[in-house]
Amino acid sequence: MSSPPPVALFATCFNDTMFPGTPIATTRLLERLGVQVDFPAAQTCCGQIFTNTGYADEAVPLVRAFIDVFGSYDHIVAPSGSCTGSVREQHLTLAQRSGDPGLVREVEAITPRVHELSEYLVDVLGVTDVGAYFPHRVTYHPTCHSLRMLHVGDRPLRLLRAVHSIDLVDLPEAEECCGFGGTFAMKNADVSVAMGSDKARHIRDTEAEVVVAGDNSCLAHIGGLLERQRAGVRTMHLAEVLASTQEEPA
Amino acid sequence: MKVAPQDLHQNDLPLAATSSTFIGMPKFPTMARAGLDNTVQRRNLQHATHTIRAKRAAVVHEVSDWEALRLDGAATKDQALDHLADYLVQLEDNLTAAGATVHWARNADEACRIAVDLVQATGASEVVKVKSMATQEIELNEALEAAGVSAWETDLAELIVQLGHDRPSHILVPAIHRNRSEVREIFLDEMSRVGRAAPEGLTDEPADLAEAARAHLREKFLRAKVAISGTNFAIADTGTLVVLESEGNGRMCLTLPETLISVVGIEKVLPTWDDLGTFMQLLPRSSTGERMNPYTSTWTGVTPGDGPQDVHVILLDNGRTHVLADDLGRQALRCIRCSACLNVCPVYERAGGHAYGSVYPGPIGAVLTPQLRGTSTPIDKSLPFASSLCGACFEVCPVRIDIPKLLVALRTQVVDEKRGGLPTGEAAAMKAASWVFGDHKRLVAAQQGVTASARLLKGRPTIGRLPWPASAWSDARDSPAPPRETFRQWWSRTHIDDSGASSAEGSPS
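Quick look at the structure, then. This is a predicted model, so every value here is computed, not measured.

On to the interface of chain B and chain A. Opposite the 69 residues of chain B that make contact, chain A presents 67 residues. Summed over both partners, the interface of chain B with chain A comes to about 5700 Å²; 60% of that surface belongs to carbon and sulfur atoms. On the surface where chain B and chain A come into contact, there are 11 salt bridges. The partner of Arg350 of chain B in a salt bridge is Glu176 of chain A, and the shortest N-O contact between them spans 2.9 Å. Where chain B touches chain A, the interface holds 30 residue pairs in polar contact (both at pLDDT 80 or more).

Laid out in structure tokens, this is it:
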């Protein structure tokens, strides 16, 4: 089997800085599947926090930088539904605001090549059984931007169902937002916590040891609530479960 | 004539004034806190929204071409909005030809004055009302009351709200925040003050409550000389107004009185009678979760000898032209007031409708109100941020209003309007963060501070309470402790050789 063309890993600024375990797991997983991974060191942030808080002028330079860093790759893979969504669904609006038709064209050209991890695995590599081993009781929370912006559908669940020895249980009201919402979590902290408390309750009702999602930002919120409750449930990114093997368990 | 956005100068177009009920309202997070603490309302809303959500999902999923219907609904509304001036003139011509009198109102004050004058000209001291968002928006009941005219709401939920001296908290189900025991108490306490009293021994069984309302309202229907309605659709090519309802109170109001006054937002226009078919499928399924609503009334001006003989239509702008002038924002005018977005919204479900400072609550209110009224007051500035951008609203909207996208655009407007003034703490932080992200070398330098703090934490997995402003996070949530090594440090250690080139370690060759 010939190896697929190299992919650029868009680690995302939040994962790079706060949750390095996720892009490390993504790298190991993709390399295990025979993919050559590049990490263009000049990458920083997709600008989502600026865009969604209303600071479009602050986000526009990051759109340009994204093109400069990733423009030459056939495939760009990010272990984040919301950062992928920001690039695919919001960069065009920002480019239009910049008034630079060249930037608009480049954004239009790159967006089909930007994939959330589960999309890349299932659609581009065509795998669902990635050879992972994870002998724990797990429930999966589909994050809003994966679900309703990118429409990843059941790809993450298909990947999880194929994990060896996993005990995967359905999460009640799974498709309801956890209440993170970026700066919403700070600006409307009370509503955010009310939403997150209900999410935490549903997670606890499953008696899972681990709650898995495709976005560490949502997981930081959900995990922060569960940890404050000393609930005894840990959060893990999908990539970390998929990277786990019998030889190197997570 | 197509009204292209460049033909309209948005800043020249008047905004709607904030009506007296909502003047001075604090920002959304403050209002939401009151809603979160109202435990009866929380349980009522949780139960009601989840019930109607499930009903809607069931009847939508049984339609095989739902997405085609949504696209058709959106396209039809866009067609009407893009040529609104033409369709409004056509509507006026056809209404006039059918014996109705058409009035134009630029704002709430004008609309109220026209309606009050029309009622007073009949000599009536009371009117019966069909549930109407437009008359709520212009606070017509208050204007009538000030003129000495009693306005009786006849929709059951509106009656509950009116008798309870309360405000609606939902577009379709205005008393959604009330449960049946509260309704029983309101009926027992209040009905006798304004008409037929509730029967002694009234229980909180829904059938008993409905019967009490029926008896109370019946005497008002039978003696009413004037009715006031809104409309769901105004058909340009026939001059027909359409009202969809569930209880038959609308049919009573629209047929029994001698005078009928309808307040119609200018965005209610549909080009043709044939267009109505699409919306008769979209609206009931999206709003009440029914395949078909129980009562649909249509009337075209005056029918001699049958029904109201004095028919008036007040076409209301009240900020709508201002919304129309925005290329992106105008899609909010497609709204057919179904409430599907409210019923799926996790923020609405918990904060309640009163937190939105407008007769239009929930996701659609968060994009419509700041466009109709502008973003100058604390509540209107805060509404675009009253969402986690989860996207559930867009998914259910029968006319495909991209509410999350509009929310982000309005957030940008709020921030842009502050630019040039004294920078807020948030603006300074955003500018600084943007500068850090502007060059990966600056990000690397900032990350060194993060990993240094990890060493200070000595391996603690999470952080507890933090000082302001981080307390907004940490009051209820622990924070992840920073790692000792960033991803890019790990990458350099494992994937870059001493010469600085990518090593082949771990990658296939």
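All right, on to empty space enclosed by the protein then. Residues and elements named next belong to chain B. For the structure on display, the rule yields four cavities of 30 Å³ or more. Counted as a void, the largest cavity has a volume near 130 Å³. Around the largest cavity sit Ala16, Ala17, Ser19, Phe22, Glu137, Asn318, Ser358, Val359, Tyr360, Thr369, Leu372 and Arg373, which together line it. When the residues that make up the lining of the largest cavity are grouped by side-chain class, the tally is six nonpolar, four polar and two charged.

Let us look at the nonpolar core. The nonpolar side chains of a soluble globular protein tend to be buried, and buried together. Phe28, Phe187 and Phe233 of chain B are the most contacted members of the largest nonpolar core, which has 115 residues in total. In contact with Phe28 of chain B, not counting residues within four places along its chain, are Asn188 of chain A together with Val347, Ala351, Ala355, Tyr356, Ile379, Ser382, Leu383 and Ala386 of chain B. The next biggest cluster of nonpolar side chains, apart from the first, holds 35 residues, and it includes Ala25, Phe134 and Leu242 of chain A together with Phe487 of chain B.

This paragraph deals with the sheet that holds strand 4 (residues 114–116) of chain A. Residues and elements named next belong to chain A. On the basis of which strands lie adjacent, the open sheet formed by four strands has the order 2-1-3-4 and parallel pairing. With one partner strand each, in any of the chains shown, strand 2 (37–38) and strand 4 form the two edges of the open sheet. Examined bridge by bridge, strand 1 (residues 7–9) and strand 2 share two bridges and lie parallel to one another. Residue Val7 lies in a different strand from strand 2, and its bridge partner there is Val37. Sheet strands touched by helix 2 (residues 21–32): strand 1 and strand 2. Its angle to strand 1, the strand with the most contacts, is close to 165 degrees.

Definitions and cut-offs
Residues numbered from 1 in each chain as written. Chains lettered and ligands numbered in written order. Predicted model: local features only at pLDDT ≥ 70, side-chain atom pairs only at ≥ 80, totals over all residues. Heavy atoms only, no water. Contact = heavy atoms within 4.5 Å. Buried area = accessible area lost by both parts, 1.4 Å probe. Salt bridge = Lys/Arg side-chain N within 4 Å of Asp/Glu carboxyl O. Polar contact = N/O pair within 3.5 Å; in protein donor to acceptor, adjacent residues only side chain to side chain. 1 Å grid on protein atoms, 1.4 Å probe; cavity = no way out; pocket = protein on both sides within 12 Å on 5 of 7 lines; lining within 4 Å. Points joined across faces, edges and corners; volume = space filled by probe spheres on them. Nonpolar A, V, L, I, M, F, W, Y, C, P; charged D, E, K, R; others polar. Core = buried A, V, L, I, M, F, W, Y, C linked by side-chain atoms within 4.5 Å. Buried < 20%, exposed > 50% of the residue type's maximum accessible area, 1.4 Å probe, protein only. Pairing = 2+ DSSP bridges. Helix = DSSP H or I, 4+ residues; strand = E, 2+ residues; numbered from the N terminus. Axes fitted to C-alpha atoms, helices over the stretch in contact; angles between N-to-C directions.

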